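Per-entry structural report
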Amino acid sequence: METWVRFSAQSQAKERLFRAAQYACALAGDTLRRNGASAGVLASVRQLEAHLSLGRKLMRLGSSAEALEAAKRAIHLSDMVLRFCITLSHLNRAMYFACDNVLWAGKTGLVPTVDQEKWGQRSFRYYLFALIVNLSRDAYEIRILMEREANGKRAKGNENGCRLRADSGLQQLGLRLQIQLRLLIRVLRNNPPLLLDVVKNACDVFIPLDKLGLYKTNPGFVGLCGLTSSILSILTILHPWLKLKP
């Protein structure tokens, strides 16, 4: 109960719940359409999805300032690569939230002259940049941990015998790939926060790719990706130790 109270008290948690519901509607709507649901039912689901999207935009008012503050904190990280990736990600998120605020003002009628298509494309562009940087940070973290794991194994001499058994160049290549794959699986298995972050970012990246027309999928797939990443985000809020740090 205490965990749920702490969860519901956070505005980010409420936004994540709305996000999960929004993408669940997208997934349900596509499933209903494929199964021949009536136009009235599909219109109701789309309307609910639009209301949830608008509610999320309201909850994200002011998030640009939070992202800028996070970028200022990231500047002081000692690791140069992490400092660059995390700072750049927060800056892109700040721009994404700013565009999102403009879209909210247009959708609510406060600024009716807003070009929804132009600002929507702009916001998804910043969102995509932020996700690409996040995935680059994940790849860097994985490489560091794999090197650390490999050095530990090499010190124990576990891999030397395997290398000696590889005669041809093709066998050596296959053996190296096998060793790297085992290292990757071991690293991700031993680091749940990193695994969750990789899966969450990988799911999220299909959303702006689809919206920008760079990699078209379908509403059901986008809904599934958004729902999956939302559930993973909720898990990191309920269990803070699952959130990748810094």
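Residues numbered from 1 in each chain as written. Predicted model: local features only at pLDDT ≥ 70, side-chain atom pairs only at ≥ 80, totals over all residues. Heavy atoms only, no water.

1. Structural notes on the environment of Ala67
Positionally, Ala67 belongs in helix 4 (residues 63-74). Counting along the chain gives 22 residues from Ala67 to Ser89, while the straight-line C-alpha distance between them is 9.0 Å. With residues near it in sequence (within four places) discarded, Ala67 still touches His90, Arg93, Ala94 and Phe97. (Helix = DSSP H or I, 4+ residues; strand = E, 2+ residues; numbered from the N terminus. Contact = heavy atoms within 4.5 Å.)

2. Some thoughts on the confidence of the model for the protein chain
For the protein chain, the average pLDDT comes to 90, and 89% of its residues sit at 70 or higher. When mean pLDDT is compared element by element in the protein chain, helix 9 (residues 192-211) scores highest at 97, while helix 7 (residues 160-164) scores lowest at 48. (pLDDT = per-residue confidence, 0-100.)

3. Focus: helix 4
The terminal C-alpha atoms of helix 4, which comprises twelve residues, lie 16 Å apart, in line with the 16 Å expected from a rise of 1.5 Å per residue. Where helix 4 is buried, its residues meet helix 3 (39-59) and helix 5 (80-107). (Expected span 1.5 Å × (residues − 1).)

4. Examining the packing of helix 4 against helix 5
Axis separation between helix 4 and helix 5 bottoms out at 8 Å; the angle between their running directions is 170°. As judged from the angle between their axes, helix 4 and helix 5 are roughly antiparallel. In this structure, helix 4 uses Ser63, Ser64, Ala67, Leu68, Ala70, Ala71 and Ala74 to contact helix 5, whose residues at the interface are Arg83, Ile86, Thr87, His90, Leu91, Arg93, Ala94, Phe97, Ala98 and Asn101. Considered class by class, the residues forming the contact of helix 4 with helix 5 number ten nonpolar, five polar and two charged. (Axes fitted to C-alpha atoms, helices over the stretch in contact; angles between N-to-C directions. Parallel < 35°, antiparallel > 145°, perpendicular 65-115°, else oblique. Nonpolar A, V, L, I, M, F, W, Y, C, P; charged D, E, K, R; others polar.)

5. With respect to the environment of Ser136
When you line up the elements, Ser136 lands in helix 6 (residues 116-156). For Ser136, a relative accessible area of 37% translates into the label partly exposed. Along the backbone, Ser136 and Cys85 are 51 residues apart, and their C-alpha atoms lie at a distance of 7.4 Å. (Buried < 20%, exposed > 50% of the residue type's maximum accessible area, 1.4 Å probe, protein only.)

6. A few points about the nonpolar core
Side chains that are nonpolar tend, in soluble globular proteins, to be buried together. The biggest cluster of nonpolar side chains holds eleven residues, and these are Ile142, Leu145, Met146, Ala150, Leu175, Ile179, Leu183, Val187, Leu188, Leu194 and Leu244. Going through the elements one at a time, helix 6 and helix 8 (169-190) are the ones with two or more residues in this core. The biggest single contributor to this core is helix 8, with five residues. When residues no more than four places from it in sequence are discounted, the contact partners of Val187 are Leu145, Met146, Glu149 and Leu194. The next biggest cluster of nonpolar side chains, apart from the first, holds ten residues, and it includes Ala67, Val205, Leu209 and Leu212. (Core = buried A, V, L, I, M, F, W, Y, C linked by side-chain atoms within 4.5 Å.)

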